Amino acid sequence: FSATDQGHFFHFKLNHTKEIDLINRDPKQINEDVVKVDFEDVIAEPDGTHSMDGVWKASYTTFTVSKYWCYRVLSAIFGIPVALLWGFFFACISFCHIWAVMPCIKSYLIETQCLSRIYSLCIHTFCDPLFEALGKIFSSVRVALRKEV
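Starting afresh in each chain, residues are numbered from 1 along the sequence in its written order. It should be noted that, the model being predicted, local features are given only for residues of pLDDT at least 70 and side-chain atom pairs only at 80 or more, the latter also being counted only at that level, while totals for whole chains, interfaces and linings use all residues. Heavy atoms from the whole structure form the basis of all side-chain values; hydrogens and water molecules are not counted.

Focus: the overall build of the protein
- Helix numbering and strand numbering both begin at the N terminus, where a helix is a DSSP run of H or I of at least 4 residues and a strand a DSSP run of E of at least 2. When its secondary structure is counted, the protein shows 3 helices and 0 strands.
- Helices (α) and strands (β) of the protein occur, in sequence order from the N terminus, as α-α-α.
- Throughout this description, buried means an accessible area under 20% of the type-specific maximum (1.4 Å probe, protein chains only), exposed means over 50%, and partly exposed covers the range between. A buried classification covers 1% of the 149 residues belonging to the protein.
- Just so you have it, the protein exposes about 14,500 Å², and 67% of that area is on carbon and sulfur atoms. The protein chains shown are the only cover counted for residues, whose accessible areas, like all others here, come from Shrake-Rupley with a 1.4 Å probe.

Okay, here's the thing in C-alpha cells:
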C-alpha cells in the first residue's frame, strides 16, 4: 500500500465500522419475546404434582447450564460461518434492491407519469364537458318529499 492507499483504507475502516456494545447485545430488542426461554417457561409443576426438591433444583441447574453452554459452543462453532452467510445474503439483497428493484420502480414511475398525463388530458377533454352538461341539465331538478297521511 502507498501512503494514499493506506489513508483510504483507514478512512473506509473508520467510517464503516461502529463500536460494539458487549453488554447490551440486543439494543433493539428484536429477540426479546422469541428466544428468551427460561426454565420456568418450559418446565412447570402445578400444585399437587411436585417432584422432590433436590430433583427440582438439579433439573433447574441442568437445564440452565446445558442451555448456556450448548449455545456458547454452537455459537463458537457456527457463529462466524453463519454470520458470513447472513452478511453475504443481506449484501445480495441490498445489491438487488439498489441495482435492480429501485431502477425498475423509478422507470415504472416515469412511464406511468407520462401515461397519467395522457389519461388526465383525455378525461379533461372528453369527460369534463359531458359531466358539466349533465350537471346543468340536472341542476334544475327539484326533489320534494311529502308525507301524506
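Quick word on the packing of aromatic side chains
- Here a pair means two rings of Phe, Tyr or Trp (six-membered ring of Trp) with centres within 6.5 Å. Their orientation is stacked below 30 degrees between planes, edge-to-face above 60, and tilted elsewhere. This model, assessed by the stated rule, comprises 8 aromatic pairs.
- When the ring of F39 is compared with that of Y60, the centres are 5.4 Å apart and the planes differ by 85°; the resulting orientation is edge-to-face. One end of the pair, F39, is in helix α2 (residues 39-42); the other, Y60, is in helix α3 (residues 53-138), with 21 residues separating them in the sequence.
- Taking relative accessible area as the criterion, Y60 reaches 37% and is therefore assigned partly exposed.
- Their ring planes at 90° and their centres at 5.4 Å tell us that Y68 and W69 sit as a pair that is edge-to-face.

A closer look at the UniProt feature "transmembrane region" (unreviewed entry) in the protein
- UniProt positions are given in the numbering used here, feature names are shortened, and annotations may be inferred rather than shown by experiment. As annotated by UniProt and renumbered to match this structure, "transmembrane region" (unreviewed entry) occupies residues 73-100.
- In residues 73-100, the share of helix is 100% and the share of strand is 0%. The end C-alpha atoms are 40 Å apart.

Notes on unusual backbone geometry
- Residues other than glycine seldom take positive phi values, yet Q29 does so here, at roughly 55°.
- Positionally, Q29 belongs in the loop between α1 (3-15) and α2.
- Classification of Q29 as exposed rests on a relative accessible area of 52%.

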